[in-house]
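# Observations on the model geometry
Here's the letter readout for the chains.
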2 protein chains.
Amino acid sequence: MRGPSLAAAAAIDGDRLQDRLARFACIGAIPGNGVNRAAFSAEDIRARELLVGYAVARGWDIACDPIGNLFLRRGGLEPQAPAVLTGSHMDSQPRGGRFDGIYGVLAGVEVLEALDAAGIRTRRPIEVVAWSNEEGGRFAPCTMGSMVHAGARSLDEVLDIRDAQGVRLADALSDTLAATRAAAPAVIHRPFGLAPAAYVEAHIEQGPVLETAGCPIGVVTGIQGMQWFEIEVEGESAHAGTAPLSTRRDALREALSMIAALQQLAADPQDVTRFTVGRLRVSPDSPNSVPGHVLFTVDLRHPDADTLARLGDAVEPTCRAQARHCAVRVRRTLADAPVRFAAHVADTVERSARALGLPSLRLPSGATHDALYMASLCPTGMVFVPCERGISHNEAEHADPADLTAGARVLAATLVELAER
Amino acid sequence: MRGPSLAAAAAIDGDRLQDRLARFACIGAIPGNGVNRAAFSAEDIRARELLVGYAVARGWDIACDPIGNLFLRRGGLEPQAPAVLTGSHMDSQPRGGRFDGIYGVLAGVEVLEALDAAGIRTRRPIEVVAWSNEEGGRFAPCTMGSMVHAGARSLDEVLDIRDAQGVRLADALSDTLAATRAAAPAVIHRPFGLAPAAYVEAHIEQGPVLETAGCPIGVVTGIQGMQWFEIEVEGESAHAGTAPLSTRRDALREALSMIAALQQLAADPQDVTRFTVGRLRVSPDSPNSVPGHVLFTVDLRHPDADTLARLGDAVEPTCRAQARHCAVRVRRTLADAPVRFAAHVADTVERSARALGLPSLRLPSGATHDALYMASLCPTGMVFVPCERGISHNEAEHADPADLTAGARVLAATLVELAER
């Protein structure tokens, strides 16, 4: 481990990091200590304004690509060399916590601050990115910013997506970009697909492994695979008082049979398979009308590619087998195979933790992250820190300040090491 | 059957009735030939303006009570005698049809027009009422206007009810009353609970009995009983990728078990019991968040009082038995016992049909109507006409013009007969 890597880690200011986390937690604050900061919302815009303010204050360059991914750049001794990139996202779940995503962005900013404070000059530039729309709660699918940046989907394919209120993504994005230009007039246009030398993302674990092991640092080896489905059941609305049950085409009744069958399909004694119906919407949504239409989502995950493919391919036939009086339409809206991260990035994270005297543990990520798409573009890794009871996507999400500081120190050492390669 | 009763029936103008039904179908028109005219909405206000316009044109008095029930009054030879009342409602389901409710109001208006056209003077005044908020789709419970008018609930008890957007009923009602006063400055304030001499409501059947029997007129003998429930399941939101299924407190999963158990409870080989879950709302409503909260409704109906009471009392214990990791709260929001209508009103409807050469059939009502509450205030009855395939609470709702005219003729003869008693 080089001297500058350790010096950068030592210059991390845990109090400043806590202070900034608290400031961002006020943007979109909701009862119960949580945040609701939907992608491309007024709250997202305020978060972007606060973030670019840090760059303006320090004289770091600011760049932005056409989907609003924001890059803060601290130059290197070789300004033309591909940068080492860190970061995460600033949007949240509708009832999300104050650490998910924003921790990785602010830990990255804290590394740049530490480098400035310690007067360290790295060979490669180091950049912090805030990816657009990682959560997908307002505009599905999730991890959209990194997905489009890495070329897995084109910008044109997502512009017409609408939120539940009918707002078009293109319009919300355009407002967001205009606000960013207003806050940082010197913002540099960046094209998609610029490959950095490496990408390292810091994040709370969002699961129980590190806390249970009493270990502050997770060295992430990869991300489990995930498939998303949108399933629509079309029956016929009718009067709740007059229509005999035998004559009904009740879309909710059949949707519930489909979900019960899918739950059986995904049943797993090892408790590794993740199966979630997170959205279910009934129309006409009136207590005395038989539902004529139901839309529900399925989120299916597994670390083994073959198991995931087998389960995912069974979703549509399982639903069809339950459709007796209604029509069913199954769309697979996302299919990400499991990903393994580059060995040398994980090794660097592990060596950094060891050099700083911090216990670490190798583990796969249960959640999807922007690192998934970056892994297709460059050597990629992640640093996890524990979160209380593994609770995330919930207002009660909490992480220990000491663990958050430890994670930022490991991130600092790792980035400086990689910036010298 | 008296001469004036038959003369009134003969003066019914089926074309004018069709024309007015078409005009009202434009207010809140939705694709598929349906209407969405929620109680106390801008569309409801436009419907009220159109209705009072008919009264202004003919010089009928207009009265309104504090919940917005609108009365059009054609005077009688004995102006102080209690009036004979007819009518129904003008609000609709979110995806409702163009006949449910509005037919009864416009058939009543057509009777007043026929009496004017034929120059018939009745002993008692005849009034047409448009009850507020019969559907309850925006502000639950349903049949609210007649319920409050008849004193089954006080106005104060409903003023704080909010719609899904958080709008308070008191505010929406206040806007509606102001618009009515603007459209009809001479509107007379009417107190609640004024008992008419009789109440007769015309309505499409909303079920398949008359069509199957090939019979244009239904003589309604009563209304089946109904109970409504709101059931809230409180679990804990969590990350769909990281939380092992064994650790989840998934509110949707447990709500689905409850609904499956309730479906078993309500299973009925005779197909008489009506059981409907018409609303189910998931929070946080995000594809990659485990649902932390679910609200669903139950609409339960049966013509037998004891059976309905037994089933209704079993709803809460049935839900509790399925609550394993989540908390459940069950509220019974409505409990209407079955009602039998006055024999002399049904007899008058039947005699009117016979005198007009129209086949009729006695039947109970599967749907609840404002007639339920009026039956507690005065002798009450209903006239049903067939609707296609029994489809209602659906854009595809349809009724034959000849049947609608026949129903208005029977209503005219019935009202004139009752106005002479």
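Remember, predicted model here, so these are calculated numbers, not experimental data.

Counting its secondary structure elements, chain A contains 13 helices and 19 strands. A compact globule built from 421 residues would reach a C-alpha radius of gyration of about 22 Å, and chain A, at 23 Å, matches this within 12%. Taken along its principal axes, the extent of the C-alpha atoms in chain A is 80 × 50 × 35 Å. Taken across its 421 residues, chain A has 59% of its residues classed as buried. The long-range fraction of contacts in chain A, counting pairs at least 24 apart against all pairs at least 6 apart in sequence, stands at 80%.

What follows concerns the interface of chain B and chain A. Contact residues are listed per partner, giving 55 residues for chain B and 55 residues for chain A. Of all the elements in the fold, those that place two or more residues in the side of chain B that touches chain A are β10 (225–234), β11 (238–239), α9 (251–266), β12 (274–276), β13 (280–283), β14 (289–290) and β15 (293–302) of chain B. Of the residues forming the side of chain B that touches chain A, the biggest block, four residues, is contributed by α9(B). Within the side of chain B that touches chain A, the residues separate by chemical class into 24 nonpolar, 23 polar and eight charged.

Glancing now at the domain arrangement of chain A. All names here are of chain A. The domain boundaries assigned to chain A delineate domain 1 (3–224 + 338–420) and domain 2 (226–336). The C-alpha-based centres of domain 1 and domain 2 are spaced at 34 Å. Per-class residue counts for the side of domain 1 that touches domain 2 are five nonpolar, two polar and no charged.

Quick look at the environment of B:Leu194 now. Residue and element names in this part refer to chain B. Mapped onto the elements, Leu-194 comes out in the loop between β7 (188–189) and β8 (198–204). Residue classification places Leu-194 among the partly exposed positions, given that 16 C-beta atoms sit within 10 Å. Each C-alpha atom of the pair Leu-194 and His-149 lies 8.1 Å from the other, and the pair is 45 residues apart in sequence.

For the pair chain B and chain A, the best superposition has an RMSD of 0.1 Å and corresponds to a rotation of 180 degrees with a translation of 0.0 Å parallel to the axis. Such a combination of turn and shift is consistent with a two-fold rotation axis.

Let us now look at the packing of helix α3 (residues 42–58) of chain B against helix α7 (residues 169–183) of chain B. Residues and elements named next belong to chain B. Following both chains from N to C, one finds α3 and α7 inclined at 25 degrees, their axes separated by 10 Å at the closest point. Overall, the two elements α3 and α7 adopt an arrangement that is roughly parallel. Once α3 is placed against α7, the crossing between them reads as right-handed. On α7, the residues that touch Asp-44, Ile-45, Arg-48, Glu-49 and Val-52 of α3 are Thr-176, Ala-179, Thr-180 and Ala-183.

Residues and elements named next belong to chain A. Following both chains from N to C, one finds helix α4 (residues 102–118) and helix α13 (residues 401–420) inclined at 60 degrees, their axes separated by 9 Å at the closest point. Here α13 runs oblique to α4, going by the angle between their axes. In terms of crossing hand, the pair formed by α4 and α13 is right-handed. Seen from α4, the contacting residues are Tyr-103, Ala-107, Glu-110, Val-111 and Ala-114; seen from α13, they are Leu-404, Gly-407, Ala-408, Leu-411, Ala-412 and Leu-415. Looking at side-chain class alone, the contact of α4 with α13 contains nine nonpolar, one polar and one charged residues.

With respect to the helices and strands, A:Asp156 occurs in helix α6 (residues 155–158). In this structure, the C-alpha to C-alpha distance between A:Asp156 and A:Val187, residues 31 residues apart in sequence, is 23 Å.

Every α-helix winds through 3.6 residues per turn, so residues three or four apart in the chain are directed the same way. All names here are of chain B. Counted at 1.5 Å a residue, the expected span for α7 with its 15 residues is 21 Å, and the 21 Å between its end C-alpha atoms agrees. For α7, the full list of buried residues reads Leu-169, Ala-172, Leu-173, Thr-176, Leu-177 and Thr-180. Taken around the axis of α7, the buried residues stretch over an arc of 135 degrees, which confines them to a single face. For α7, the exposed residues lying more than 90 degrees away from the buried face are Asp-171, Ala-178, Arg-181 and Ala-182.

Residues and elements named next belong to chain B. Between its terminal C-alpha atoms α3 stretches 25 Å, which fits the 24 Å expected from 17 residues at 1.5 Å a residue. Here α3 has its buried residues at Glu-43, Asp-44, Ile-45, Ala-47, Arg-48, Leu-51, Val-52 and Ala-55. Elements that come into contact with the buried residues of α3 comprise α2 (14–25), β3 (61–64), β4 (70–74), α4 (102–118), β6 (126–131) and α7. Phi for Gly-59, located one or two positions after α3, is positive at around 80 degrees.

Reading guide: rules and limits
- Residues numbered from 1 in each chain as written.
- Chains lettered and ligands numbered in written order.
- Predicted model: local features only at pLDDT ≥ 70, side-chain atom pairs only at ≥ 80, totals over all residues.
- Helix = DSSP H or I, 4+ residues; strand = E, 2+ residues; numbered from the N terminus.
- Rg over C-alpha atoms; globule rule 2.2 N^0.38 Å.
- Buried ≥ 20, exposed ≤ 12 C-beta atoms within 10 Å, placed from the backbone.
- Contact = placed C-beta atoms within 7 Å.
- Nonpolar A, V, L, I, M, F, W, Y, C, P; charged D, E, K, R; others polar.
- Domains from an automatic or database assignment.
- Least-squares fit on C-alpha atoms with pLDDT ≥ 70 in both.
- Axes fitted to C-alpha atoms, helices over the stretch in contact; angles between N-to-C directions.
- Parallel < 35°, antiparallel > 145°, perpendicular 65-115°, else oblique.
- Left-handed = near helix turned anticlockwise from the far one by under 90°.
- Expected span 1.5 Å × (residues − 1).
- Arc of directions from axis to C-beta.

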